[in-house]
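Here's the letter readout for the chains.
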Amino acid sequence: MTAPVYKRILLKLSGEALMGPDSYGIHKQTLDGMVAQVREVVELGVQVAVVIGGGNIFRGVSGAASGMDRATADYMGMLATVINAMALADAMKRAGLDARVQSALDLEQVAEPYIRAKALRYLETGKVVIFGAGTGNPFFTTDTAAALRGMEMGCDIVLKATKVDGVYSDDPKKNPQATRYRRLTFDRAIQDRLGVMDATALTLCRDQNMPIGVFSIFKQGALRRVVLGEDEGTQVTVN
């Protein structure tokens, strides 16, 4: 078996991905499929930290959030990510993985507070650490939270799991001639607004030389192929 090229990864999961074929909420089969992919790489000896979004839940109240104070809406979104983190941790435990949830907001009855040293110890002992509530601050996305936690955890790469198997020159659903980039520079991703991550997250990763991988979480075995260094998805680097 080929050895993993990464010892520790930060996996960014969107809340929308958890919906599966549904219009909102958490689709059990989709959730279990994601957990199966994480289990594959944990069994390879890779340490896994996860940042999860909340769009699948917040979408259900987005109408009410129209015109709402931005900070209030952002805090509501953070709470949605904690719900997803709890669901993900439960699914992981059912799959035989040891998972811990840490929240950037103080919610001690349902999640541990985010403590960097404790999260690092969890990772070193083979536990999956799931970070909820983003950065704990409004006006920052979960993309930025993923970049920040990836650096704080000393991860080798931030992996963004999407519905598309990489970054393309154009929308592959609309343009069959669109080609997948195997590699991109941060500067080009930012300049061309290729939608890899938001500009704050991209700039942070660029400045700290943290590579980003983009792949499809719905493609069976894709996460495993990424950590084994195979040609899967798109990698964004400084050079």
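For the structure, see preceding data.
Residues numbered from 1 in each chain as written. Predicted model: local features only at pLDDT ≥ 70, side-chain atom pairs only at ≥ 80, totals over all residues. Heavy atoms only, no water.

Draft legend 1. How the structure looks around the overall build of the protein. Counting secondary structure elements, the protein contains 9 helices and 11 strands. C-alpha extents for the protein along the principal axes are approximately 45 × 45 × 35 Å. Looking at the protein as a whole, 51% of its 239 residues are labelled buried. Once local pairs closer than 6 in sequence are excluded, the contacts in the protein between residues at least 24 apart make up 73%. When the accessible surface of the protein is split by element, carbon and sulfur atoms take 49% of a total near 11,300 Å². (Helix = DSSP H or I, 4+ residues; strand = E, 2+ residues; numbered from the N terminus. Buried < 20%, exposed > 50% of the residue type's maximum accessible area, 1.4 Å probe, protein only. Contact = heavy atoms within 4.5 Å. Areas by Shrake-Rupley, 256 points an atom, 1.4 Å probe, with all protein chains shown as cover.)

Draft legend 2. Quick peek at the nonpolar core. Of all hydrophobic cores here, the largest spans 38 residues; its most connected members are M92 and I130. Contributing elements (two or more residues each) for this core: strand 1 (8-13), helix 1 (28-42), strand 2 (47-52), helix 4 (70-94), strand 3 (99-103), strand 5 (128-132), strand 6 (157-162) and helix 9 (222-227). The element that contributes the greatest number of residues to this core is helix 1, accounting for 6 residues. Not counting residues up to four positions away in its chain, the partners in contact with M92 are V35, V38, V50, L97, A99, V128 and I130. L120, M197, M210 and V236 belong to the second-largest nonpolar core, a separate cluster that totals 30 residues. (Core = buried A, V, L, I, M, F, W, Y, C linked by side-chain atoms within 4.5 Å.)

Draft legend 3. Summary view of the environment of K7. Its place among the elements puts K7 in the segment before strand 1. Each C-alpha atom of the pair K7 and V48 lies 8.8 Å from the other, and the pair is 41 residues apart in sequence. For K7, the residues in contact, after removing those within four places along its chain, are G45, V46, Q47 and D156.

Draft legend 4. The sheet that holds strand 6, seen in detail. Across the sheet, which stays open at both edges, the 9 strands sit in the order 4-3-5-2-1-6-10-11-9 with mixed pairing between neighbours. This sheet does not close on itself; its edge strands, each paired only once, are strand 4 (112-113) and strand 9 (183-185). Note that strand 10 (residues 212-216) and strand 11 (residues 234-237) share 3 bridges and pair antiparallel. Pairing of G213 across the sheet is with Q235, part of strand 11. (Pairing = 2+ DSSP bridges.)

Draft legend 5. Representation of unusual backbone geometry within the structure. Despite not being glycine, A133 shows a phi value in the positive range, around 70 degrees. Within the fold, A133 resides in the loop between strand 5 and helix 6 (142-152). Unusually for a residue other than glycine, F139 sits at a positive phi of about 75 degrees. Mapped onto the elements, F139 comes out in the loop between strand 5 and helix 6.

Draft legend 6. Structural detail: helix 6. Three or more residues of helix 6 are buried, namely D143, T144, A145, A146, A147, R149 and G150. In this structure, the buried residues of helix 6 make contact with strand 1, strand 2, strand 5, strand 6 and helix 8 (199-207). For helix 6, the side-chain oxygen to backbone nitrogen distance between the N-cap and D143 is 3.3 Å, and the N-cap itself is T141. Of the residues flanking the end of helix 6, it is G154, one or two places downstream, whose phi is positive at about 65 degrees. (Polar contact = N/O pair within 3.5 Å; in protein donor to acceptor, adjacent residues only side chain to side chain.)

Draft legend 7. Up close: helix 4. With 25 residues, helix 4 ought to run about 36 Å at 1.5 Å a step, and its terminal C-alpha atoms sit 37 Å apart, in line with that. Two or three places before A71, at the opening of helix 4, D69 has a side-chain oxygen 3.2 Å from that residue's backbone nitrogen. (Expected span 1.5 Å × (residues − 1).)

Draft legend 8. Representation of the pattern of salt bridges in the model. Following the criterion strictly, the structure yields 19 salt bridges and no others. With its nearest N and O atoms 3.9 Å apart, the salt bridge here joins D32 to R94. Residue D32 is found in helix 1, and its partner R94 is found in helix 4; the two are separated by 62 residues along the sequence. Residue D32 is classed as partly exposed on the basis of its relative accessible area of 27%. For the salt bridge of R149 with E152, the shortest nitrogen-to-oxygen distance reads 2.7 Å. Residue R149 and its partner E152 are both found in helix 6; the two are separated by 3 residues, about one turn of the helix. (Salt bridge = Lys/Arg side-chain N within 4 Å of Asp/Glu carboxyl O.)

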